[in-house]
Amino acid sequence: MQDSVEKLGVPEWPFLFEDYDHVQAVLNGEIGEELTEDLEETHGVKALSWSANGFRMISANRTIESMEDFNGFRLRTPNIPNYIELAERLGTNVSPLPIDEIFTGLEQGVIDGQENPVATVRASGWYEVQSDVLESEHMFSPNMYVINSDFWNDLSEDQQQVEEAAIESAEYEFQLMEDSYEEDKAFLEEEGVNFTTPTDEFREEMSDAAEPMYDQFYEEYEWAEDLIQRIEEEAE
């Protein structure tokens, strides 16, 4: 959908959100509605609510504590341009393997790490062939509840209250995702995985490395700079 509705990709721009509260304030407010306003015209679906997949972090076969540690690091990313460019700007060597090849790639040393929410690391069993997680929170991965527009328009007013149920469900999912992070982290630590929280300096260096991407966004999309300013203001 992002190919035809460009604003849908904004929530996955790098180092955009401060925390879950910031994400919810943006996505489930007026800005979130703005990001989805062209969906019905382009795809025939109505957005009911944004929900959460989680902040993406880097799991690795060694500890990452500085930008220097990315040098020569073979990082698996999805085959998505923004993901690949961010990884390259951090200094890694990118390997966009299919997700079902990650475990084998890690086990055989084809790649040194991958990036996904921690819940995915646990669910996929990658911790069995990884030693470390860098709590980079370099991107946020959202989900979205949608419904076919024609079907929606045929519903009665009472039936359309399903939208309220979707909103409540999404809010609950956000809470579950935030709460489950500590549970997933504790599980992984028990399995021997070491977690590294980047220093303020390291986090700033990673964010600075991604800044040229925003210059490109601002040049490509006339709406981007104003939109990002408004998203940043929601964190204040």
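Structure report, in brief. (Residues numbered from 1 in each chain as written. Predicted model: local features only at pLDDT ≥ 70, side-chain atom pairs only at ≥ 80, totals over all residues. Heavy atoms only, no water.)

1. What to know about the packing of aromatic side chains
Counted only if it meets this: Pairing of aromatic side chains requires ring centres within 6.5 Å, counting the rings of Phe and Tyr and the six-membered ring of Trp. Pairs whose planes differ by under 30 degrees are stacked, by over 60 edge-to-face, and all others tilted. Labels follow the DSSP assignment, with helices taken as runs of H or I lasting at least four residues and strands as runs of E lasting at least two, numbered in each case from the N terminus. Only Lys NZ and Arg CZ are tested; either one counts as a charge over a ring when it is within 6 Å of the ring centre and within 35 degrees of the ring normal.
All chains considered together, the criterion is met by 15 aromatic pairs. Seen from their ring centres, F140 and F174 are 6.3 Å apart, and the 0 degrees between their planes marks the pair as stacked. Taken together, the residues F140 in strand β5 (residues 132-148) and F174 in helix α8 (residues 162-190) connect sequence positions 34 residues apart. Through successive ring pairs, a cluster of aromatic residues spans W13, Y214, F217, Y218, Y221 and W223. The ring of F187 has R122 sitting right over it, with the charged end atom 4.1 Å from the ring centre.

2. Focus on unusual backbone geometry
The condition is simple: The buried label goes to any residue with under 20% of its type's maximum accessible area, the exposed label to any with over 50%, and the partly exposed label to all in between, with areas taken from a 1.4 Å probe on protein chains only.
Not every positive phi belongs to a glycine, and F15 is a case in point at roughly 50 degrees. Note on placement: F15 falls in the segment before α1 (20-27). Using a relative accessible area of 18% as the deciding quantity, one classes F15 as buried. Of note, E137 is a non-glycine position whose phi angle comes to about 45 degrees, a positive value. The partly exposed category is assigned to E137, whose relative accessible area is 28%.

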